[in-house]
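Structural features, examined
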Amino acid sequence: VQLQASGGGLVQAGGSLRLSCAASGRRFSSYAMGWFRQAPGKEREFVAAITRSGGSTYYADSVKGRFTISRDNAKNTVYLQMNSLKPEDTAVYYCAAGSVAVVREMAYDYWGQGTLVTVSS
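All residue numbers here refer to positions counted from 1 along the written sequence of the relevant chain. Given that the model is predicted, a residue must reach a pLDDT of at least 70 before its local features are reported, and side-chain atom pairs must reach 80 or more before they are shown or counted; all residues, however, enter totals for whole chains, interfaces and linings. Calculation of side-chain values draws on the structure's entire complement of heavy atoms; hydrogens and water are dropped beforehand.

1. Some remarks on the pattern of salt bridges
Note on pairing: side chains with opposite charge can pair once their charged atoms come close. Our working definition: Counted as salt bridges are all cases of a side-chain nitrogen of Lys or Arg within 4 Å of a carboxyl oxygen of Asp or Glu. Only DSSP runs of H or I reaching four residues or more are called helices, and only runs of E reaching two or more are called strands; each is numbered from the N terminus. Exposure is judged per residue with a 1.4 Å probe applied to protein chains only, and the accessible area is read against the type maximum: over 50% gives exposed, under 20% gives buried, and values in between give partly exposed.
By the definition in use, this model includes five salt bridges. Notably, a salt bridge pairs R37 with D89, separated by 2.9 Å at the nearest N-O pair. Remark: D89 occurs in the loop between strand 8 (77–82) and strand 9 (91–98) and R37 occurs in strand 4 (residues 32–38); sequence separation between them is 52 residues. Exposure remark for D89: the relative accessible area of 1% places this residue in the buried category. One salt bridge connects E105 with R44, and the closest N-O pair in it is separated by 3.1 Å. Placement of E105 in the loop between strand 9 and strand 10 (108–111) and of R44 in the loop between strand 4 and strand 5 (45–50) is noted, with a sequence separation of 61 residues between them. On the accessibility criterion, E105 (27% relative accessible area) is partly exposed.

2. Describing the pairing of strand 5
Where we set the bar: Paired strands are those between which DSSP finds at least two bridges.
In terms of burial, strand 5 is a largely internal element, five of the six residues being buried. As defined by bridge partners, strand 4 adjoins strand 5 across five bridges and the pair is classed as antiparallel. When the sheet's bridge partners are listed, M33 is paired in strand 5 with I50. Where strand 5 meets strand 6 (residues 57–59), three bridges bridge the pair, whose relative direction is antiparallel. Residue A48 lies in a different strand from strand 6, and its bridge partner there is Y59. Two successive antiparallel strands, strand 5 and strand 6, enclose a turn made up of six residues, where G54 displays a positive phi of approximately 85°.

That's the geometry; what it means functionally is another story.
Here it is in structure tokens:
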């Protein structure tokens, strides 16, 4: 499966952005999906994940209550709605596809190219 992330940009603190990740190739609904991010000078970290059906979601503590992951299997797309953005949310955001919705990067088999989110103070 090929993944294409989009929707990043520059936003002021307190603002919102919605990231999208469009999938092509093998059946999208057979994959759990995750979002990860990598800030400058830091390791990539887990942000959110969603199960194949969309019935369960998981979040990093740092984004819980502010970010929402969702998916539309008919459109082969997963979303990350980001509200109340903070400067510390600045990072390149990656979507990933795997067999289970987990925190571990190694569980994901396919990765998108990343989209940059910059939050100004």
